[in-house]
Amino acid sequence: AQSVTQPDIHITVSEGASLELRCNYSYGATPYLFWYVQSPGQGLQLLLKYFSGDTLVQGIKGFEAEFKRSQSSFNLRKPSVHWSDAAEYFCAVGDEQAGTALIFGKGTTLSVSS
Amino acid sequence: GAVVSQHPSWVICKSGTSVKIECRSLDFQATTMFWYRQFPKQSLMLMATSNEGSKATYEQGVEKDKFLINHASLTLSTLTVTSAHPEDSSFYICSWVSRYDGYTFGSGTRLTVV
């Protein structure tokens, strides 16, 4: 079955510190992998996506993610967190060429302390 | 980039009434779209998949007679919550998928049933 696991429900990081949010997936075919961010009461904003090519993907707002096929992981990283990064982060898997629905992980809430 | 318009952004209705949510792709056409529901502090849960010209496919546990989907064209889909009850209060998000534009999300509709 297709699924996405985000093991960390809530993470608190000091402003300026590095961040890594974990994501593991289970998917039958080669997946498209995504990271979205959602601020309270808002819609989703795409941070980055991966399908093929370089396994290190650069996104917006200084985020990057690394695809590791052997670990079925697609972890999100940022070298220096800003207070404005506090939000909910969702990892998702799907296949936009096949037109299947995105399956989302449960999300990780990021808090940033000063 | 691809833009999706979702209206209304928020709505309050009385218990027992029906509410219609509209999701329109503004600058692209796509055959397939999805409706998600998100309860507070939870992830997006797929409600249904809709293809233009076909009946929607509902996920297990989603009542098709309660959540009516009308996929009128390649650019317009509506979700009608019939006989709404307080437990239907949630954040509803639509998404379109196309080979050229990938996944595009609406900004969401906050439904409150009183």
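Residues numbered from 1 in each chain as written. Chains lettered and ligands numbered in written order. Predicted model: local features only at pLDDT ≥ 70, side-chain atom pairs only at ≥ 80, totals over all residues. Heavy atoms only, no water.

Here we look at the interface of chain A and chain B
Interface size is commonly expressed as the accessible area that is lost once the parts come together.
Logical step 1: Each side of the interface is counted separately: chain A has 19 residues, and chain B has 18 residues.
Logical step 2: Taking both sides of the interface into account, the surface hidden between chain A and chain B amounts to around 1400 Å²; carbon and sulfur atoms contribute 58%.
Logical step 3: Looking at the side of chain A facing chain B, the largest losses of area belong to Glu-96, Gln-97 and Phe-104 of chain A, adding up to 31% of the total buried there.
Logical step 4: Between chain A and chain B we count 0 salt bridges in total.
Logical step 5: At the boundary of chain A with chain B, the tally comes to 7 residue pairs in polar contact (both at pLDDT 80 or more).
Logical step 6: Sort the elements by how many residues they give to the side of chain A that touches chain B and strand β5 (residues 32–38) of chain A lands first, with 3 residues.
Logical step 7: Taken together, the residues of the side of chain A that touches chain B break down into 7 nonpolar, 9 polar and 3 charged. (Contact = heavy atoms within 4.5 Å. Buried area = accessible area lost by both parts, 1.4 Å probe. Salt bridge = Lys/Arg side-chain N within 4 Å of Asp/Glu carboxyl O. Polar contact = N/O pair within 3.5 Å; in protein donor to acceptor, adjacent residues only side chain to side chain. Helix = DSSP H or I, 4+ residues; strand = E, 2+ residues; numbered from the N terminus. Nonpolar A, V, L, I, M, F, W, Y, C, P; charged D, E, K, R; others polar.)

Some remarks on the nonpolar core
Logical step 1: Counting 27 residues, the largest nonpolar core has Leu-19, Trp-35, Leu-47, Leu-48, Phe-74, Leu-76 and Tyr-89 of chain A as the members making the most contacts within it.
Logical step 2: Listing elements by their share of this core, those giving two or more residues are β2 (10–14), β3 (19–21), β5, β6 (44–50), β8 (64–68), β9 (73–78), β10 (87–94) and β12 (108–113) of chain A.
Logical step 3: Excluding its chain neighbours within four sequence positions, the residues that come into contact with Leu-76 of chain A are Leu-19, Glu-20, Leu-21, Trp-35, Leu-47, Leu-48, Phe-63, Glu-64, Ala-65 and Tyr-89 of chain A.
Logical step 4: Val-4, Cys-13, Phe-28 and Trp-96 of chain B belong to the second-largest nonpolar core, a separate cluster that totals 24 residues. (Core = buried A, V, L, I, M, F, W, Y, C linked by side-chain atoms within 4.5 Å. Buried < 20%, exposed > 50% of the residue type's maximum accessible area, 1.4 Å probe, protein only.)

Such coordinate-based values are descriptive only and should not be taken to indicate function.
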